[in-house]
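# Notes for the structure review
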Amino acid sequence: MNKYEVIRAEEEWQRAGAYSVRIQGMNRQHHISLREEFDEHDADGTRYIVLLDDGYPIATCRFYEISATEVIIGRVVVLPEYRGKSIGRKVVDEAEKWIIELGYDEIVIDSRVEAISFYEKLGYICIDGTLVKSGNFDCTRMHKMIREKR
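Residues numbered from 1 in each chain as written. Predicted model: local features only at pLDDT ≥ 70, side-chain atom pairs only at ≥ 80, totals over all residues. Heavy atoms only, no water.

## Quick look at helix α3 (residues 87-101)
Let me state the cut-off plainly: Strands here are runs of E lasting at least two residues and helices are runs of H or I lasting at least four, both read from the DSSP assignment and numbered beginning at the N terminus. Here the expected span of a helix is defined as 1.5 Å times the quantity of residues minus one. Only protein chains enter the accessibility calculation, which uses a 1.4 Å probe; a residue whose area is less than 20% of its type maximum is buried, one above 50% is exposed, and one in between is partly exposed.
In a regular helix each residue adds 1.5 Å, so 15 residues correspond to 21 Å; α3 covers 21 Å between its end C-alpha atoms and thus fits that length. Within the sequence span of α3, burial applies to Ile87, Gly88, Val91, Val92, Glu94, Ala95, Glu96, Trp98 and Ile99. Within two residues after α3, glycine 103 carries a phi angle of roughly 90°, on the positive side.

So this is what it looks like as structure tokens:
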């Protein structure tokens, strides 16, 4: 497996890598408008993981706080030519490490229906099975406890 570089994107030039992956993977591939893809959560306080292959951004995710003990991970995107190589797992794992360092207890993910089994393999559990529409996708809320509640 290739050795990918992981960036905890905290500066605008680093976040540009996350945006690049999202434009290619969602806007272009799934015809998600830029207005839908980039929302109020792409702002100060949101953190991004970007994976680079020889300096080229190939995968990303973002997370932000939803309570003092919880964050939500979203916009997990891997470029099509890199899918099936455990890169999605790597992006989520890196986000989880950072989330643990920041002291949160629980992670929430609104998973696309077709990705539920992927997140289950990473230890996430469906909260209630309710489907909600997120843009063009049917999603369900999942969560993972990463430490005992305080």
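Back to the write-up after that little detour.
## Observations concerning the sheet that holds strand β2 (residues 47-53)
The criterion, for reference: Strands were regarded as paired on the criterion that DSSP finds at least two bridges between them. Helix axes are fitted only over the stretch in contact, all axes being lines through C-alpha atoms; the angle between N-to-C directions runs from 0 to 180 degrees.
With mixed pairing, seven strands are arranged side by side in an open sheet as β1-β2-β3-β4-β5-β7-β6. A single partner strand is all that each edge strand has here, and the edge strands are β1 (5-9) and β6 (125-134). The average angle at which neighbouring strand axes cross in this sheet is 25°, direction not considered. With six bridges joining them, strand β3 (residues 56-65) and strand β4 (residues 70-78) adopt antiparallel strand pairing. What sits directly across from phenylalanine 63, in β4, is isoleucine 73.

## What about unusual backbone geometry?
Located in the positive-phi region is aspartate 54, a residue other than glycine, with phi close to 55°. In this structure, aspartate 54 sits in the loop between β2 and β3. Aspartate 54 gets classed as exposed once you look at its relative accessible area, which sits at 78%.

## Section: the pattern of salt bridges
We count it as follows: Each reported salt bridge corresponds to a side-chain nitrogen of Lys or Arg within 4 Å of a carboxyl oxygen of Asp or Glu.
Counted according to the given criterion, the structure contains seven salt bridges. Across the salt bridge formed by lysine 97 and glutamate 94, the nearest N and O atoms sit 3.3 Å from each other. Highlighted residues: lysine 97 and glutamate 94, both in helix α3, separated by three residues, approximately one helical turn. Each of Lys90, Glu94 and Lys97 takes part in one network of salt bridges that share partners.

## So, the side chain of threonine 46
We apply this condition: Throughout this description, a polar contact denotes any pair of N or O atoms lying within 3.5 Å of each other; where both atoms belong to protein, one of them has to be capable of donating a hydrogen while the other can accept it, and for residues adjacent in sequence the pair is counted only when both atoms sit in side chains. Residues count as neighbours in contact if any of their non-hydrogen atoms are within 4.5 Å of one another.
Topologically, threonine 46 is positioned in the loop between α2 (34-37) and β2. Assessed through its relative accessible area of 9%, threonine 46 is described here as buried. A polar contact is formed between the side chain of threonine 46 and the backbone oxygen of histidine 41, at a distance of 2.3 Å. The residues touching threonine 46, leaving out its near neighbours within four places in the chain, are His41, Arg62, Phe63 and Tyr64.

## Remarks on the side chain of arginine 15
Looking at the element boundaries, arginine 15 is found in helix α1 (residues 12-30). Using a relative accessible area of 15% as the deciding quantity, one classes arginine 15 as buried. At 2.8 Å, the side chain of arginine 15 forms a polar contact with the side chain of glutamate 12. Ignoring any residue separated from it by four or fewer positions in sequence, one finds arginine 15 in contact with Ala9, Glu10 and Tyr48.

## Examining the packing of aromatic side chains
Note the threshold: The rule is short: rings of Phe, Tyr and Trp, with Trp giving its six-membered ring, pair when the centres are within 6.5 Å, and they are stacked under 30 degrees, edge-to-face over 60, tilted in between.
Applying the stated rule across the entire model yields five aromatic pairs. Geometrically, the ring pair formed by tyrosine 119 and tyrosine 124 is edge-to-face, given 6.0 Å between the ring centres and 80° between the ring planes. Assigned by exposure class, tyrosine 119 and tyrosine 124 land together as buried. Here a set of aromatic residues connected by ring pairs shows up, and it is made of Phe118, Tyr119 and Tyr124.

## A closer look at the nonpolar core
One recurring pattern in soluble globular proteins: nonpolar side chains tend to sit buried together. The condition that has to hold: Residues grouped as a nonpolar core are buried Ala, Val, Leu, Ile, Met, Phe, Trp, Tyr and Cys residues, joined through side-chain atoms within 4.5 Å.
Among the nonpolar cores identified, the biggest contains 34 residues, and Ile73, Ile87, Ile99 and Tyr124 are the most heavily contacted of them. Elements represented by at least two residues in this core include exactly α1, β2, β3, β4, α3, β5 (106-112), α4 (116-121) and β7 (137-145). If you tally residues by element for this core, the top one is α3, at six residues. Not counting the four nearest positions on each side in its chain, tyrosine 124 is found in contact with Ile73, Val92, Glu96, Ile107, Ile109, Tyr119, Met142, His143 and Lys144. The next biggest cluster of nonpolar side chains, apart from the first, holds eight residues, and it includes Ala9, Ala18, Tyr19 and Tyr48.

Keep in mind that these numbers describe shape and distance, not what the molecule does.
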